[in-house]
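# Inside the fold
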Amino acid sequence: MLKSYFTIAVRTLLKNKAFTAINILGLSIGISASLVIYLLTNYHFTFDKFEKDGDRIYRVVSNFNFSGEVYRNSGVCDPMGSGVRRELTGLDAVISIRTWDGNAKISVPVAGKNDPIVFKNQKNIVFADSNYFNLTGYRWLSGSSGISLNKPYQVVLTESNAKLYFPNFNAVQVIGKEIYLNDTVRVTVTGIVKDIPENTDFSFKTFVSHTTLENTSLKPDTWDSWDNTNGAQQLFVKVAAGTAPAQIEKQIAGLYKKYHKQEPGDKSKIWHSLQPLSNLHFNADYGGYALPIAHKPTLYGLLAVAAFLLMLGCINFINLTTAQAAQRAKEIGIRKTMGSSRKQLIVQFLSETFLLTLSATLLSIILTPLILKAFAGFIPEGLHFNLTQQPGVIVFLSLLMLVVTILSGFYPALVLSGYKPVLVLKNQAYSNSGKTRHAWLRKSLTISQFGIAQVFIMGAILVSKQITYSLNKDLGFKKEAILYVQTNYYDTVKNHKYILRDKLKAIPEIAMVSLCSYPPSSGSTWSGTMKYKDGKTEIETDVQQKFGDTNYIKLYKLKLLAGKNFEQTDTVKSFIINETYARTLGFQQPQQAIGKQLEWGNRQVPVAGVVADFHQKSLHESIKPLVIASWDNTERSISVALQPQQPGHTTWKTAISKIEKAWKEVYPQDDFDYSFFDKDIAKFYESEQHISGLLMWATGLAILISCLGLLGLVIYTTTQRTKEIGVRKVLGASIAQIVAMISKEFILLVILAFLIAAPLAWMGMHQWLQNFAYRTDISLWIFLTAALMMIGIALLTLAFQTIKAAMANPVKSLRME
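Below is a short write-up of the structure. (Residues numbered from 1 in each chain as written. Predicted model: local features only at pLDDT ≥ 70, side-chain atom pairs only at ≥ 80, totals over all residues. Heavy atoms only, no water.)

### Let's talk about the overall build of the chain
Note the threshold: Numbered from the N terminus, helices here are DSSP runs of H or I no shorter than four residues, and strands are runs of E no shorter than two. Exposure classes here rest on a 1.4 Å probe applied to the protein chains alone. A residue is buried below 20% of its type maximum, exposed above 50%, and partly exposed in between. Any two residues whose heavy atoms approach within 4.5 Å at even a single point are treated as in contact. For the accessible areas, the method is Shrake-Rupley and the probe is 1.4 Å, while residue cover comes only from the protein chains on display.
Looking only at helices and strands, one finds 23 helices and 26 strands in the chain. Dimensions of the chain, computed from the C-alpha atoms along their principal axes, are close to 100 × 65 × 60 Å. In the chain, buried positions account for 50% of the 817 residues. Here the analysis covers contacts within the chain between residues at least 6 apart in sequence; of these, 81% occur between residues at least 24 apart. When the accessible area of the chain is evaluated, it comes to approximately 38,800 Å², of which 57% is carbon and sulfur surface.

Put into structure tokens, the structure is as follows:
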């Protein structure tokens, strides 16, 4: 019986090749999109799901409230870990780790050779104790968690790093080997663990014993201080079964209050909370480690896009199948007369749908690797597509085929199987009421298709408009033709940065050089509490802090509104503040702030000048109070303003080459790396650029699927109205009139879809723009462009078939019946 069903299904599909091709292409696009988005969302939602008792593992994070501004930090103060382990109850495990600041150079001595093998820019290094390996359940290849990191100068490597540093040795032979961290710290390998195969944010590959920090120059100055929170110092706890996280938070609050002595009059608030392990991969407020944070609303949005695209493919199938219903009426009548039950007919029609869906799925499997390659910039490195290694994908595709078959085929199957054989054989199977009912269904579904497509068009235009606005808005500083390099943070020779600066000043292709902490706008933040007393009240504010030499203001062309530039000094002698901070302090005019004293730490520092506001971060955030000063110890970056470059010249290329040469003369062991300031600012909006790319992609697919459905309907319409068209031509109708007659109905559907889509798109766009403190407008032209674009595309889709039908010889048309 099943063989018979599928044989008939194949014959039916081959008989209607055009409709079959349209349906397969439409469904394959929707299934391909669904498969790619499934791979992406499944990748992110499966992070850290393998840890034993993962629902009881938390990270202790810090929260601050300074003058109403809330800040969050993923770390804790250095002594917090030992304090929690010593004094808190209700915990099964306490794991304190400290991430390595930046990249490291690892040197591996080679027997019989004077020079070691050097591995630069090594990442994923962490200081930990043996308890860490119980957190994530590593598998030991050699060594053990009990002894491998319980003493100073010990290191555990993952299998991949062990093969990298010691390619000629197995896991057992590597035990006892030595490596050097930044040429200063010698550690001995005491264990090798298997790399974690599952998706995890714990991407560390080199584990140095935590006690090594206490015995080397790497020991932080804040090791015993409860007053300084550092994102590098992380604390994880496993809560005992039956213990509420709120109880642990309450104990941590008591512990912190016991050891952290708040200054009298300090109104700031600091509290600690427990962040669930499942939240690490999605919470941008606290951040992760080496891997980017996933954005749950974006992932849910992608799932919605997949659903819409799949829905469009299903709508195509329903429209075209119900449109062809009259052509299959006699077949159905004969089948029923010969004894077929309605159930058997439904199974027959569903088998046709399943065969179509199966063909579309096979095509989507071929298309998916191409899509992943096309969107390589958005796809995480760890995401792969391999059916033989991903049984979950096979299950997903199987379920998807079942769902699509039911959604697409069930209603048409009910319609077709419901014909009465007596009426069919009298050519009355498709009554006027039936035609009207099914025509309205097709119209409603077509409106849904074009409505979804227009929402995508409007969204894509707005996102592109906001990105253009963000990249071209006057940010309050110069960003073009400026690059900066980061000097060696661990360099113990203080004069090296001055030597490099002076060498760069001598390069004719360079206009100006400045030593600084960070550029005016950057992802890094240095802030602290500052106070101002006007004689009556005390104003305490969390203030952003940037440091640079006297060229900093001039190089970035910051506008000095009042006062003067600061002087070059080893320590902070004066501040330049921004307009926002001046207003926060109660000054209506910038000149009023000059000479006022700000309390910074235990010192009073005068205000030397006021600069116009500029954006310290992306346009997602509002401008914060800011001070700029000269402080030699913090100035570890060098900003370089290049001379103007004429089109076709190589001024900048020559300058970069000379900068690299100067760098190698000062830092011969370090790799040269630089960044263009305007490129780094553009990176602030990478997420939006990815969203824009995905929306463009989704828009294109939605338009393609909608137009495929429209093409199928117009082919059916012109075929059904062949005789009518012939009669009209005989009576004198022109080609233009016939094309307008056929197209008018479809264009009205597009316009009606626009009227429904416009308010829905406005609500979605308005909500999305709330993520930006500074945003573009939702202009009327966005809606008009979307409507005109959709009408134009619909007319182009209709044109070929309608003109062909209008130009047909009326004599042949009238002979058809």
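### Some points on the sheet that holds strand 16 (residues 482-486)
Note the threshold: Strands were regarded as paired on the criterion that DSSP finds at least two bridges between them. Lines fitted to the C-alpha atoms define the axes, with helices restricted to the stretch that makes contact. Angles between their N-to-C directions range from 0 to 180 degrees.
The strand order across the open sheet formed by 4 strands is 17-25-16-26, and the pairing between neighbours is antiparallel. Of all strands in the sheet, those with a lone pairing partner are strand 17 (510-516) and strand 26 (675-676), marking the two edges. As paired strands, strand 16 and strand 25 (residues 637-642) are joined by 5 bridges and run antiparallel to one another. The residue of strand 25 that forms the bridge with Tyr-484 is Ser-639. Each of strand 17 and strand 25 touches helix 14 (residues 496-505); the most contacted strand, strand 17, lies at about 165° to it. Each of strand 16, strand 17, strand 25 and strand 26 touches helix 17 (residues 651-666); the most contacted strand, strand 16, lies at about 15° to it.

### What to know about the pattern of salt bridges
Applied cut-off: Just to be clear on terms, a salt bridge is a Lys or Arg side-chain nitrogen sitting within 4 Å of an Asp or Glu carboxyl oxygen.
Evaluation of the coordinates by the stated rule reveals 21 salt bridges. In this structure, Arg-86 engages Glu-87 in a salt bridge whose closest nitrogen and oxygen atoms are separated by 3.4 Å. Under the relative-accessibility criterion, Arg-86 is labelled exposed at 52%. Among the residues examined, Glu-87 registers a relative accessible area of 30% and is labelled partly exposed. In this structure, the salt-bridge partner of Glu-159 is Lys-163, at a minimum N-O distance of 3.6 Å. A residue pair is termed a helical-turn pair when its members lie 3 or 4 positions apart in one helix, as Glu-159 and Lys-163 do in helix 5 (residues 159-165) at 4 residues. What emerges from the salt-bridge pattern is a single network uniting Asp-53, Arg-56, Asp-92 and Lys-238.

### So, a nonpolar patch on the surface
The cut-off we apply is this: Residues enter a patch when their relative accessible area is above 30% and they make no salt bridge; the linking distance is 9 Å between like charges and 5 Å between nonpolar side chains (Val, Leu, Ile, Met, Phe, Trp, Tyr).
A surface patch of nonpolar side chains, amounting to about 770 Å² of accessible area, comprises Leu-748, Ile-751, Leu-752, Leu-755, Ile-756, Leu-760, Trp-762 and Met-763. Looking at the secondary structure, you find Leu-752 in helix 21 (residues 735-769). Assessed through its relative accessible area of 37%, Leu-752 is described here as partly exposed.

### Regarding the side chain of His-260
What counts, and what does not: Think of a polar contact as two N or O atoms within 3.5 Å of one another; within protein, one of them needs to be a possible hydrogen donor and the other a possible acceptor, and neighboring residues in sequence only count if both atoms come from side chains.
Within the secondary structure, His-260 sits in the loop between helix 7 (245-259) and strand 15 (269-276). In this structure the side chain of His-260 is engaged in a polar contact, spanning 3.5 Å, whose partner is the backbone oxygen of Trp-226. Excluding anything up to four places from it in sequence, His-260 contacts Trp-226, Asp-227 and Ile-270.

### A word on the packing of aromatic side chains
Selection criterion: In this scheme Phe, Tyr and Trp rings, the latter by its six-membered ring, pair at centre separations within 6.5 Å, and the angle between planes marks the pair as stacked below 30 degrees, edge-to-face above 60, and tilted otherwise. Only when the NZ atom of a Lys or the CZ atom of an Arg is both within 6 Å of the ring centre and within 35 degrees of the ring normal do we say a charge sits over the ring.
By the definition in use, this model includes 34 aromatic pairs. What links up through ring pairs into an aromatic cluster is the set Tyr-132, Phe-133, Tyr-138, Trp-140, Phe-202, Phe-204, Phe-207 and Phe-236. Lying across the ring of Phe-282, Lys-296 places its NZ or CZ 4.9 Å from the centre. Above the ring of Tyr-774, the side-chain terminus of Lys-473 is found at 5.6 Å from the ring centroid.

### Re the packing of helix 2 (residues 17-45) against helix 19 (residues 686-720)
The line we're drawing: These descriptions rest on fixed angle ranges, namely under 35 degrees for roughly parallel, over 145 for roughly antiparallel, 65 to 115 for roughly perpendicular, and the rest for oblique. By the definition used in this description, the sense in which the near helix is turned from the far one sets the handedness, with an anticlockwise turn below a right angle giving left-handed and a clockwise turn giving right-handed.
At a minimum axis separation of 10 Å, helix 2 and helix 19 run at an interaxial angle of 160°. On the basis of the axis angle, helix 2 is roughly antiparallel to helix 19. As for the relative orientation of helix 2 and helix 19, their crossing is left-handed in sense. Each of Phe-19, Ile-22, Leu-25, Gly-26, Ile-29, Gly-30, Ala-33 and Ile-37 in helix 2 lies in contact with helix 19, whose residues at this interface are Trp-697, Leu-701, Leu-704, Ile-705, Leu-708, Gly-712, Ile-715 and Tyr-716.

### Section: the environment of Val-543
Looking at the element boundaries, Val-543 is found in strand 19 (residues 538-547). In this structure Val-543 comes out as buried when scored by relative accessible area, which is 0%. Between the C-alpha atoms of Val-543 and Thr-529, which are 14 residues apart in sequence, the distance is 6.0 Å. Not counting residues up to four positions away in its chain, the partners in contact with Val-543 are Trp-526, Ser-527, Gly-528, Met-530, Tyr-581, Pro-625, Leu-626 and Val-627.

### Re the state of the cysteines
Here is the rule: A pair of cysteine sulfur atoms is labelled a disulfide when the two atoms are within 2.5 Å.
Within this structure, the stated rule accounts for 0 disulfides. You can see Cys-314 has no disulfide; the closest cysteine sulfur is in Cys-707, sitting 18 Å from it. Residue classification places Cys-314 among the buried positions, given a relative accessible area of 6%.

### Quick notes on the nonpolar core
The criterion, for reference: The term nonpolar core refers to a set of buried residues drawn from Ala, Val, Leu, Ile, Met, Phe, Trp, Tyr and Cys, joined through side-chain atoms within 4.5 Å.
Core analysis: the biggest nonpolar cluster contains 116 residues, and Leu-309, Met-458 and Ile-628 have the highest contact counts within it. Apart from residues no more than four positions distant in its own chain, Met-458 is found in contact with Phe-754, Ala-758, Ala-761, Met-765, Ile-782, Phe-783 and Ala-786. Counting 23 residues, the second-largest nonpolar core is a separate cluster that includes Trp-100, Ile-106, Val-208 and Trp-223.

### A closer look at unusual backbone geometry
Phi at Asp-183 takes a positive value of approximately 65°, unusual for a residue other than glycine. Secondary-structure assignment places Asp-183 in the loop between strand 10 (178-181) and strand 11 (185-193). Of the residues examined, Asp-183 reaches a relative accessible area of 45% and is grouped as partly exposed. Non-glycine residue Ala-481 carries a positive phi angle of around 60°. Here Ala-481 is to be found in the loop between helix 13 (432-472) and strand 16.

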